[in-house]
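Architecture at a glance
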Amino acid sequence: MPSAPRTPSVREQFERLLGRACAIVARAPGRVNLIGEHTDYNDGFVFPMALEHCTWVAAAPRSDGQVRAVATDLPDDRSWPVADWPRERLPHWTAYVAGVAALLRARAPRFGGADVLVTSTVPVGSGLSSSAALEVSTAAALAALADVTLAPTELADLARRAEHEYAGVPCGIMDQYISVLGQAGAALLLDCRSRTWEHVPLALPGHTVVIVNSGVRHKLASGEYAARQQQCQAAVAHFRRLRPEVRALRDVTPAEVAAEAARLDATVAARARHVVTENERTQAAAAALRRGNLTEFGRLMCASHASLRDDYQVSCRELDLLVEIIGAVSGVRGVRMTGGGFGGCVVALAETDSVSHIEAALRERYEAAGNGPAALILSRPGAGAAVEYRG
Ligand code: ADP
Ligand code: MG
């Protein structure tokens, strides 16, 4: 459920678990991508909104060059020298904290370490970007502790580098940018090539953004993502032979993909078709929202799902079933898988009055059919990262 301000309890938890008072509390949100999936690494457009669900990081300075990190949601707290995180510990949640601390130390050599407490209301590992919420909240807290002022994009870039270089996840820019740039009441149309953005008011009279967590995460995901990136590159190589100025699928139109489909490998053609049509849908969705046309926005969400399922083939049985069940509820404008795929969440735009019908339909048709619980997550568009407390 949307979280109330939690700074007081975060300070208490810090004192209880680390035995001293904290000096800083920072907060950063998770996100849901409304439309624009697998477009980021093709230099395209994404359209996420920040959630009210956040990760909080409380911190106090140390002078012995150590970082100690404790999380209330995951076991296994650890200490390490700030500039020297033992990488053989991968994969471990402290990788994200360690990356941020080391990168900050490189900018602020006087940063002498910290005690860190992490607590969160973002579901972990469900495609709502708990990883970016962790990196960005850590970066905001430790920058404040080290007295380093970072511009919003510097904060996002530092957080993203931590994910790349320490957690070993080659993510695009979306998650960290929206976690920093989120605005209450707005979604973010982000151009992943120019790194420019526009806040689009998300006025949804009588409607609600409904997220449903499938609770599944299929193991094949990371290998499949790498294969998709290679297929996109193969498509770019083909179109560049025709038009040397093509640098990414961003530069290719749906008409061009249709015209060349017979000369492309069938799988590569389908992957390219998803990306180029998704870029168009994403911009059209932002435009529909500006006009207040929620029916059109919902139609584009459904088309996005079909394209991800059929052309990009990153959906799975559970996500398709959720989309089918939710899409059949009266008052639902649109529904699609969100995030990388092969599990995680679906996102729907629905009349607020239909939320209880969605819950009932999930119980009757998803859970009763032997699938795990489908958890509903409701959030208005939330604000980006902020320092909430300075002692
Ligand atoms: P997502 O970003 O979709 O939630 P990821 O696999 O990218 O999923 O990131 C999840 C990882 O981030 C976790 O396995 C953990 O290492 C780290 N993480 C996220 N939230 C927390 C938290 N509240 N406390 C500790 N580690 C966290
Ligand atoms: Mg993540």
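Residues numbered from 1 in each chain as written. Chains lettered and ligands numbered in written order. Predicted model: local features only at pLDDT ≥ 70, side-chain atom pairs only at ≥ 80, totals over all residues. Heavy atoms only, no water.

Here's the deal with the site of ligand 1
In the vicinity of ligand 1, 17 residues are found, and the nearest of them are Leu74, Gly125, Gly127, Ser130 and Ser131. Within the side chain of Asp73, one N or O atom sits 3.3 Å away from a nitrogen atom of ligand 1. Within the side chain of Ser131, a nitrogen or oxygen atom sits 3.0 Å from an oxygen atom of ligand 1. Contributing elements (two or more residues each) for the shell around ligand 1: strand E5 (114-120) and helix H3 (130-145). It is H3 that provides the largest number of residues to the shell around ligand 1, a total of three residues. (Near = heavy atom within 4 Å. Polar contact = N/O pair within 3.5 Å; in protein donor to acceptor, adjacent residues only side chain to side chain. Helix = DSSP H or I, 4+ residues; strand = E, 2+ residues; numbered from the N terminus.)

Re the environment of Trp93
Its place among the elements puts Trp93 in the loop between strand E4 (78-81) and helix H2 (94-107). Not counting chain neighbours up to four residues away, the residues in contact with Trp93 comprise Ala69, Val70, Ala71, Leu74, Pro75, Asp76, Asp77, Val118 and Leu134. In terms of polar contacts, Trp93 uses its side chain to reach the backbone carbonyl oxygen of Pro75, at 3.1 Å. From its side chain, Trp93 meets the backbone oxygen of Asp76 in a polar contact 3.5 Å long. (Contact = heavy atoms within 4.5 Å.)

Here's the deal with empty space enclosed by the protein
As enumerated under the stated definition, the model contains one cavity of 30 Å³ or more in all. Around the largest cavity, the lining residues are Leu34, Leu202, Leu204, Val209, Leu289, Phe297, Met301, Ala348 and Leu349. Elements represented by at least two residues in the lining of the largest cavity include exactly helix H9 (294-310) and strand E10 (343-351). Its residues assigned to classes, the lining of the largest cavity comprises nine nonpolar, no polar and no charged. (1 Å grid on protein atoms, 1.4 Å probe; cavity = no way out; pocket = protein on both sides within 12 Å on 5 of 7 lines; lining within 4 Å. Points joined across faces, edges and corners; volume = space filled by probe spheres on them. Nonpolar A, V, L, I, M, F, W, Y, C, P; charged D, E, K, R; others polar.)

Regarding H2
The end-to-end C-alpha separation of H2 is 20 Å, in line with the 20 Å expected for 14 residues at 1.5 Å each. By the criterion of burial, H2 is predominantly enclosed, with 11 of the 14 residues buried. Those residues of H2 lying buried are Thr94, Ala95, Tyr96, Val97, Ala98, Gly99, Val100, Ala101, Ala102, Leu103 and Leu104. Its buried side turned inward, H2 meets strand E3 (66-71), E4, E5, H3 and helix H4 (152-165). (Expected span 1.5 Å × (residues − 1). Buried < 20%, exposed > 50% of the residue type's maximum accessible area, 1.4 Å probe, protein only.)

So, the packing of H2 against H3
When two helices pack together, their arrangement is given by the angle between their axes and by how far apart the axes lie. At their nearest, the axes of H2 and H3 sit 9 Å apart, and the two run at 35° to each other. Where H2 crosses over H3, the handedness of that crossing is right-handed. In this structure, H2 contributes Tyr96, Val97, Val100, Ala101 and Leu104 to the contact, and H3 contributes Ser131, Leu134, Glu135, Thr138, Ala139, Leu142 and Ala143. Classifying every residue of the contact of H2 with H3 by side-chain character gives nine nonpolar, two polar and one charged. (Axes fitted to C-alpha atoms, helices over the stretch in contact; angles between N-to-C directions. Left-handed = near helix turned anticlockwise from the far one by under 90°.)

Some details on the pairing of strand E2 (residues 45-61)
The buried count for E2 comes to 16 of 17 residues, which makes it a mostly enclosed element. Two elements, strand E1 (residues 24-35) and E2, share 10 bridges in a ladder whose sense is antiparallel. Each bridged residue has a counterpart across the sheet, and for Ile24 the counterpart in E2 is Ala59. Bridge count for E2 against strand E6 (residues 186-191) is two bridges, and the pairing is antiparallel. Bridged to Val46 within E6 is Leu190. (Pairing = 2+ DSSP bridges.)

Observations regarding the packing of aromatic side chains
For any pair of aromatic rings, geometry is given as the distance between the ring centres together with the angle between the planes. One pass over the full model with this rule turns up three aromatic pairs. Ring geometry for Tyr225 against Phe342: centres 6.1 Å apart, planes inclined by 45°, an arrangement best described as tilted. Highlighted residues: Tyr225 in helix H6 (residues 221-242) and Phe342 in the loop between strand E9 (332-338) and E10, separated in sequence by 117 residues. For Tyr225, a relative accessible area of 23% puts it in the partly exposed group. Classification of Phe342 as buried rests on a relative accessible area of 6%. For Arg228, the ring lying beneath its charged end belongs to Tyr312, and the centroid distance is 6.0 Å. (Phe/Tyr/Trp six-rings, centres within 6.5 Å; stacked < 30°, edge-to-face > 60°. Lys NZ or Arg CZ within 6 Å of the ring centre and 35° of its normal.)

A closer look at H6
Along its 22 residues, H6 runs 32 Å from first to last C-alpha, staying within 8% of the 32 Å computed at 1.5 Å per residue. Residues of H6 that are buried include every one of Ala221, Arg228, Gln231, Cys232, Ala235, Val236, His238 and Phe239, and no others. Each buried residue of H6 sits inside an arc of 160° when the element is viewed along its axis, so together they form one side. Opposite the buried face of H6, by more than 90 degrees, sit the exposed residues Ser222, Gln230, Gln233 and Arg241. (Arc of directions from axis to C-beta.)

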